[in-house]
Amino acid sequence: MTERFTKAAARNIFYGGSLFFFAAFVSLTGASHVYVVEKSTDSKGLTESVARGKHVWEKNSCINCHTLLGEGAYFAPELGNVWVRYGGDKDPDGARMALKAWMGAQPSGIEGRRQMPQFHLTERELDDLADFLAWTSRINTQNWPPKVSG
Ligand code: HEC
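Per an unreviewed UniProt entry, the protein goes by the name Cytochrome C and belongs to Azospirillum thermophilum.

See below:
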């Protein structure tokens, strides 16, 4: 009886399979990149103040307690959609004021409530932070998180 599954066949399947899946990996990575750059990101709205606001966010380690689009710590609320929660999609000035009022009123000192520190941010830092959170809320996350409260 002849051997049907030869060493050469096994080698070809190995190389062919590796090549096929490598090509699939590269093209899907490319597709994700194009999607992120052209579809899900608001690149036109990516202003200087948004970039500065991101630095305010990073410098003060907000992520140590909060999540931003699901990434971060689970001690405090998700902030990727806090702008929408504050009504910023309809009334940006109102949301900006609400954010500033919130930042100024911490820690609340209310017994039994988790506390957020006072960061003593300047007016400009607060404006940059608002711009950053507004921009973040415009990222197309394909409806995640499912609830505006989350
Ligand atoms: C030590 C933990 C901690 C850090 C760090 C922190 N926060 Fe908070 N934050 C909280 C907690 C706890 C709450 C919820 C408090 C409450 O509900 O009374 C909160 C709530 C908020 C809210 C209101 C959310 C809502 O849904 O109404 C905003 C806005 C916010 N934080 C922004 C920030 C920003 C911006 C930073 C960084 C400059 C930051 N936080 C850093 C703990 C933190």
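(A) Quick look at the site of the ligand. The environment of the ligand is made up of 22 residues, and the closest members are C62, C65, A76, R114 and M116. Elements with a contribution of two residues or more to the shell around the ligand: α3 (82-85) and α4 (92-104). Each residue belonging to the shell around the ligand can be placed in one class, and the counts come to 13 nonpolar, 6 polar and 3 charged.

(B) A look at the domain arrangement of the protein. For the protein, the domain assignment lists domain 1 (1-39) and domain 2 (44-137). Between domain 1 and domain 2, the C-alpha centre-to-centre distance is 44 Å.

(C) Quick peek at helix α1 (residues 7-40). With 34 residues, α1 ought to run about 50 Å at 1.5 Å a step, and its terminal C-alpha atoms sit 47 Å apart, in line with that. Little of α1 sits out of view: just 0 of its 34 residues are buried.

(D) Representation of the UniProt feature "domain: Cytochrome c" (unreviewed entry) in the protein in the model. Here the UniProt-annotated "domain: Cytochrome c" (unreviewed entry) positions come out as residues 48-137. Split by type, residues 48-137 is 49% helix and 4% strand. Its first and last C-alpha atoms lie 17 Å apart.

(E) Structural detail: helix α5 (residues 123-137). The end-to-end C-alpha distance of α5, which contains 15 residues, comes to 21 Å, matching closely the 21 Å that a straight helix rising 1.5 Å per residue would cover. Inspection of α5 places D128, L129, A130, D131, F132, L133, A134, W135, T136 and S137 among the buried residues, and these make up the whole buried set. Looking at the buried residues of α5, the elements they touch are α2 (48-59), β1 (67-68), α3 and α4.

(F) Highlighting the UniProt feature "transmembrane region" (unreviewed entry) in the protein. If you check UniProt for "transmembrane region" (unreviewed entry), the listed places come out as residues 12-36 in our numbering. Within the segment residues 12-36, helix and strand shares are 100% and 0% respectively, and the terminal C-alpha atoms sit 36 Å apart.

What counts and how
- Residues numbered from 1 in each chain as written.
- Predicted model: local features only at pLDDT ≥ 70, side-chain atom pairs only at ≥ 80, totals over all residues.
- Near = placed C-beta within 6 Å.
- Helix = DSSP H or I, 4+ residues; strand = E, 2+ residues; numbered from the N terminus.
- Nonpolar A, V, L, I, M, F, W, Y, C, P; charged D, E, K, R; others polar.
- Domains from an automatic or database assignment.
- Expected span 1.5 Å × (residues − 1).
- Buried ≥ 20, exposed ≤ 12 C-beta atoms within 10 Å, placed from the backbone.
- UniProt positions renumbered as here; feature names shortened; annotations may be inferred.
- Contact = placed C-beta atoms within 7 Å.

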